[in-house]
Structure formats: structure tokens, C-alpha cells
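Chain and residue survey
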Amino acid sequence: MNAKSAVRPTAVLITLVLAWCTTEASAEAKLKGKVSIDGSSTVAPITMAAAEIFQAQQPRVRVTVGISGTGGGFKKFLSDRKNLRTDISDASRPIKNSEMKRAAELGINFIEFPVAIDGIAVVIHPENHFCKSLTVEELKNIWKPGSTVNNWNQVRPGFPDLPLRLYGPGTDSGTFDYFTKEIVGEEKASRSDYTASESDNILVQGIAGDKGSLGYFGFSYFQANKKRLKLVGIDNGAGPVIPSLDIIRGGTYKPLSRPLFLYVSTDAVERPEVKAFLDFFFDNAKMIVEHPRVNYVALSDELYNIGRKRIENRISGSEYGPGKSGDLTDRYK
Amino acid sequence: MMRENTISTEYRDASDSNPDAMYNPRLDRRRFIGKIFAVFCACVTGIGVAVLAALLYRIFDEGWIYISTNFLTKFPSMLMPETSGVKSALYGTLWLVSITAIVSIPVGIGAAIYLEEFAPKNRLSRFIHTNIANLAGVPSIVYGILGLAMFVRWSNLGRSVLAGSLTLSLLILPVIIIASREALLGVPKTIRLAAFALGATRWQTVRAHVVPAALPGIITGIILALSRAIGEAAPLVMIGALSYVAFVPDGPMDEFMALPIQIYTWCDQPDPIFQHLAAAAIIVLLAVLLSMNAVAVALRAWQQRKSPW
């Protein structure tokens, strides 16, 4: 209750300040038009927040945000029907080669830029006192396809005899793709006998109501349900790391923190309302991303400036294509 | 012989001493069974009412504090949920229901009148009737897939109010047709025969006598069907409903939000305040539904008073 009552006034204050600052800044010509956004449910809060404040100052621009998952979002972004194509795609993973191929076939050029960092939280029931951290190897043993680990005493010798029940996002989720890739080693490779739901809320309820539970989902959902869940530290060989916003920003919470992206088609950028929306986002990126109701980790100013330049100079294509590597800043430099 | 005697004696004895005796055998037992049945029915009714009451209590308990004029006139807000409203969803739903009504009512009643009054009663019309009855039981998501293919893509309507309304019309047409047919069927044959006897044509008979007499039943059917349309989320999700819309459609080609989708979107948010907003939106949806029903009840009462017999 205390945490919540603290969040609300801060949220209201920041929103009002943000709305006030930005209205002051751009009381000029009112634009008219449409900006359609669809994609990852993880990234949606960022674009929804941006849309909300943007529309306060540009009421005649109609911004719509849909949630169809990263893959579903790219399907709409790369639709064969021009009038059904979205302008901006929310993505919690970089575009796949197959999606790039489709874009090329349809003649769609896109600009890619990172907008925030998200961590995946591995959580247990708050009354589970024996499990403080898990190694990547232990997580892999639990989650790999065909795994028969069904009791905590199989996870690590010394853990008590307690049935282990697993919760995780469904297979359409970008969080699922990311977790399986980092933990199991192969994207979408996971055991299937766990409680799967696209609704993070159902996962929170399941884990909070089950003493032997273990689950994972976006860190921001943990932030909103801190009281009902307990975080597990992740040991990637360099000792256990229990994530927090600062730790995720610092880049030591590996391998379970990830960048989030927006993709915008070069055709859409030419439209003034889309350009204005993106400019608005970059002008206020830090405040939007770290708004208490959005709760992601903002990127460095350097990376936001790089994103802005990619838009200005219409630098299209992905930095995650074949033959490219390095961490976030290196890729975009 | 022996047996016949016994029976007749019994019969005579009973009728002599007490005229009710022949109805008396095991009367207490029969009455007891009757009572058990009545109690059972009352319990079953009670369960239904209790579940509904619990549901309503929970919804009002969670949502009532958010009900205000602001809730109806403000757009949804993720950043400041305290100031959220359902304006876009309410207008979207009203748009959807209006266009759905405009499309489905004439088509539905027309089809029912044709099938009941004009079509020859043969195998084909029986086949059509069976199929319509089956269509009424098809899951709504299937209509969503049909709407996506037919209206959103093939007819190039996009994810517009019109595409949504046409999809919902398809969904409720079978219900309207079946209810209207039943209502027409309920009009006594004698009415038609009397009209024919006076030289009225079939069209005159249908227009002046049969349809007015069947109207209360038809209206009930339409309202039930529209009530179903107003609460449907699945077909709208299928044709590509959005999660965040903060404007009101200007025309049938605009994108939209609907109350069931808004409720679904809010239910999916982690912060508990959104569950309260969802409950408040459910109250709004119930209010819209009840006022539609009230209009129908009034219309029906008015029509019945006008009825000549």
C-alpha cells in the first residue's frame, strides 16, 4: 500500500510536468493525421505513454496503439495491403532475418532504433527462503525441452522436497523468445508443461498463490507487484546478481536484460505527424521511459541521439542482420 | 373373477365412504415428491441469482467509486489512470451498435418474413432454416475470422467501425431471423385467413396484420441480439482491435475502441487500479445494455396496447 501510494502522486506529478513542458515547447502549428503503432506488449507502455502526452499537445493527430506481440506487430508492419500497414512497430527483440526478407520483397524500408532496456525478472513465492539465486545452468536444466525437474530438490542438492511449479509467458511473447534464447540457448526451445499465459497479470497471480512456484516475466511487472513476489538472483558465472533498475542500466544483469526497439517505415517518416511523434519521443525519451507507470531503464543520451540521427538521415536497415555483432552501443556507433 | 371382484369392491368402498378416496393412494408421498421438486427448483434458481448477485456486488464494489461524469467524458490514460475515462470506448460501442442495428434489423426481419410468409415450404427452405439455426451456434471468433477476410481485407474497409459493425451484423443475423420467424409463427393462422377472405393480397396481409401482431416478439429478438453484439470482444479482437485509442470516431471509416475491448485491455494491466477501472467500465456497459432493454420493453408495451386483439 505504501509503495503504491508513493507511485501515484509521483506519476501524476511527472505526467503533468511532462505535459506542461511539451505544450510550452510546441504551441505552434497544429498537425493533423494518423500514427498507427502495433507490436510487443512489453514495448506498448512506452508508445502508449508517448501517445498520451503527444495527443495532449496535438489533439488532431490520432495515435493508435495495438498489442499483437512483436511477431504479430511485424506482420501488420509488413502487411501486403498498404492500407493495413502500421507506421511504427513495437519490438522487444530485433527484427528477424525472415521478416527482413519480407520487408525487402514488399519494398518496405525501415529505420531501427533502441528505446529502452528491459530486464526479465525470475521470481518465486515470497515465502520461499531457501532459493536466493540460480545459475544460468540450473535455469536451463529446469526450462529446457523435455526437462523432468519437477521438485526443488532436483534443482540443486540441498533444496527441500517441495513440488516445483513453473509459470511463464506463452509462445507468442517476445519475453518467451528472449528467455529461451538466453537461458536454453535456442530460441523458442522450452519445456511445455508449465502454466503459460500471455497475460503477465495471470502469471503474477499464479506465482503469488503457489509456494513452490518459479516463473519469469518482464521486470516492470515485478516492479508493480513487488510485495507479492520475490526476485531470484541470476548467476552467470560471476556471482549472483539481483536485478534493480540501476543494475540493469549498468549492464551487469546478464544475460536477462535486453534492449527494446521501435521500427518505423521510411514512407511513414515522411509524414509530418509521424515525424513529429518521433521527435516528441526523442525530446522526452528519458522521462517517458522512466515514468513510474512505464518503468523501464532509459538508454544513455548518446544512444537516443544516435536514434534521432538515424531518423534525420533516414538510415534504414537493422544493426542485427547477419554478420553484425557487439553490444548495443557498439552496434549503433 | 377374484381379482375383478376385489377391484370393484375397493372402488365401491372408496366411492361410498369418501368421494376423494380414489385419488388418495400414496398422496402424502406424492405431495412430498412435489415439495422436493419445488425445493430443488428454488435452489437451482437461488444458485443462479446468487452467482449474479456476487458478480454484481464485486463489480459495483470495485468500480462504483470511479463512476462519475468525468469517467464518461475523459479518454483512457495509462499515465494517470485516476483520471481515466471510457469516452472513446463508449462512443465506439454506440457507433458499432447503431450501424449493426441499421444493417442487421432490416436484413434479419426481411429474411424471416420471406422464409415464413412467402417462401414455398419445401426441402430447400427447410435446409436454409436448419442452417440458420446452426449459424446461431457458431462461436463468435469464427465470425471474426470471416469479418477479417471479407470486410477488412477483401472489401478493403480496413480496421474501421464499418468493418466491425458488419462483422457483428453477421454474428447476430441468425438470432434475429430465428426470433422473428418464431414471432411470425406465433401469429394465429386465422388472422391471415380472415385477411385473405376479405380480398387482401399477401403483401397487404403481412404488412397490416401479421407483422404488427408479431412485432413484440420481433423486438425482443432484436434486443437480445443487439445485447449480444454489444458485449462481444472476440470478433473485434480478431479483426484487429486496438489497445489504446484516445479519440472518437468521426465517421464509419475511422478506427475505434469498444467497451469490451477497453475492459479487456484494462484487466490485462498489472497495477490493481486498472482492475477497478475495468469494473467501472463494466458498469457503464451494463447501463448501456439495460437502457437498450428498457427501450425495448417500452416499445413492446406500446405495440401491445395498439394491438387490435
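Throughout this description, residue numbers start from 1 for each chain and increase along the sequence as written. Chain letters start at A and ligand numbers start at 1, both assigned in the order the entries are written. Restriction of local features to residues with pLDDT of at least 70 applies here, the model being predicted, together with a cutoff of 80 or more for giving and counting side-chain atom pairs; totals for whole chains, interfaces and linings are based on all residues. Where side-chain values are given, they derive from all heavy atoms of the structure, hydrogens and water being excluded.

1. Here we look at the overall build of chain A
Quick reminder of the rule: Only DSSP runs of H or I reaching four residues or more are called helices, and only runs of E reaching two or more are called strands; each is numbered from the N terminus. Atoms considered for the radius of gyration are the C-alpha atoms alone. The globule rule reads 2.2 Å times the number of residues to the power 0.38. Exposure is judged per residue with a 1.4 Å probe applied to protein chains only, and the accessible area is read against the type maximum: over 50% gives exposed, under 20% gives buried, and values in between give partly exposed. Contacts were defined at the residue level, with two residues in contact if any of their heavy atoms lie within 4.5 Å. Accessible surface is estimated by sampling points in the Shrake-Rupley manner with a 1.4 Å probe; for residues, cover comes only from the protein chains shown. Residues scored as charged are limited to Lys and Arg (positive) and Asp and Glu (negative), so that His and the chain ends carry no count. Every charge is mapped to an atom, namely NZ of Lys, CZ of Arg, CG of Asp or CD of Glu.
A count of helical and extended segments in chain A gives 15 helices and 12 strands. In terms of overall dimensions, chain A is globule-like: its C-alpha atoms have a radius of gyration of 20 Å, near the 20 Å expected for 333 residues. Along the longest, intermediate and shortest principal axes, the C-alpha atoms of chain A span 65 × 50 × 35 Å. Counting all 333 residues of chain A, 56% fall into the buried class. Relative to all contacts within chain A whose residues are 6 or more apart in sequence, the contacts with residues 24 or more apart total 74%. Of the accessible surface of chain A, which amounts to about 13,900 Å², a share of 53% is contributed by carbon and sulfur atoms. A distance of 3 Å separates the average location of the 43 positive side-chain charges in chain A from that of its 38 negative side-chain charges.

2. So, unusual backbone geometry
Residues and elements named next belong to chain A. Lys-254 connects to Pro-255 through a cis peptide bond whose omega is 5°. On the secondary structure map, Pro-255 appears in the loop between helix H10 (245–250) and strand E12 (257–265). Within the chain, Lys-188 stands out as a residue other than glycine whose phi angle is a positive 70°. Here Lys-188 lies in the loop between helix H7 (174–184) and strand E7 (195–196). According to the relative accessible area criterion, Lys-188 is partly exposed, its value standing at 41%.

3. Details of the interface of chain B and chain A
Note the following rule: Summed over both partners, buried area is the accessible surface (1.4 Å probe) that two parts give up on being assembled. Whenever a carboxyl oxygen of Asp or Glu lies within 4 Å of a side-chain nitrogen of Lys or Arg, that contact is scored as a salt bridge. When residue character is reported, Ala, Val, Leu, Ile, Met, Phe, Trp, Tyr, Cys and Pro are called nonpolar, Asp, Glu, Lys and Arg charged, and the others, Gly included, polar. At least two DSSP bridges between two strands are required for those strands to pair.
With 33 residues of chain B at the contact, the number on the chain A side is 34 residues. A combined buried area of about 3,000 Å² lies between chain B and chain A, and 52% of that area is made up of carbon and sulfur atoms. Taken as a group, Met-78, Leu-79 and Tyr-244 of chain B account for 26% of the area that chain B buries against chain A, more than any other trio of residues on that side. On the surface where chain B and chain A come into contact, there are five salt bridges. Between Arg-62 of chain A and Asp-254 of chain B there is a salt bridge, and its shortest N-O distance comes to 2.9 Å. Looking at the side of chain B that touches chain A, the elements with two or more residues in it are helix H6 (140–154), strand E1 (244–245) and helix H12 (273–306) of chain B. When the residues that make up the side of chain B that touches chain A are grouped by side-chain class, the tally is 18 nonpolar, seven polar and eight charged. Pairing between strand E2 (residues 61–65) of chain A and E1 of chain B: two bridges, direction antiparallel. From the neighbouring strand, Val-65 of chain A faces E1 of chain B, where its bridge partner is Tyr-244 of chain B.

4. A short note on the packing of aromatic side chains
All names here are of chain A. Short version of the rule: Pairing of aromatic side chains requires ring centres within 6.5 Å, counting the rings of Phe and Tyr and the six-membered ring of Trp. Pairs whose planes differ by under 30 degrees are stacked, by over 60 edge-to-face, and all others tilted. Distance and angle both matter: a charge sits over a ring if NZ of Lys or CZ of Arg is within 6 Å of the ring centre and within 35 degrees of the ring normal.
One pass over the full model with this rule turns up 20 aromatic pairs over all chains. Between Phe-54 and Phe-277, the aromatic rings sit 5.3 Å apart at their centres with planes inclined by 80°, giving edge-to-face as the arrangement. On the criterion of sequence distance, the pair formed by Phe-54 in helix H2 (residues 44–57) and Phe-277 in helix H12 (residues 272–283) is long-range, its members being 223 residues apart. Residue classification places Phe-54 among the buried positions, given a relative accessible area of 1%. Overall, the relative accessible area of 2% leaves Phe-277 in the buried class. With 6.4 Å between their ring centres and 75° between their planes, Phe-281 and Tyr-304 make a pair best called edge-to-face. Pair noted here: Phe-281 is in helix H12 and Tyr-304 is in helix H14 (residues 301–312), with a separation of 23 residues, a long-range link. Pair check on accessibility: Phe-281 and Tyr-304 agree, each one buried. Three or more aromatic residues link up through ring pairs in this structure, and these residues are Phe-74, Phe-77, Phe-110, Phe-261, Tyr-263 and Tyr-320. The lysine or arginine in question, Arg-331, covers the ring of Tyr-320, its NZ or CZ lying 3.9 Å from the ring centre.

5. Some words on the domain arrangement of chain B
All names here are of chain B. As a reminder, the rule being used: Where each domain begins and ends is defined by an automated method or by a domain database.
Per the domain assignment, the segments making up chain B are domain 1 (22–66) and domain 2 (71–306). Residue-level contacts link seven residues of domain 1 with 10 residues of domain 2. Summed over both sides, the interface between domain 1 and domain 2 buries roughly 780 Å², with carbon and sulfur atoms accounting for 78% of that surface. Across the domain 1-domain 2 interface, the total number found is zero salt bridges. When the residues that make up the side of domain 1 that touches domain 2 are grouped by side-chain class, the tally is five nonpolar, one polar and one charged.

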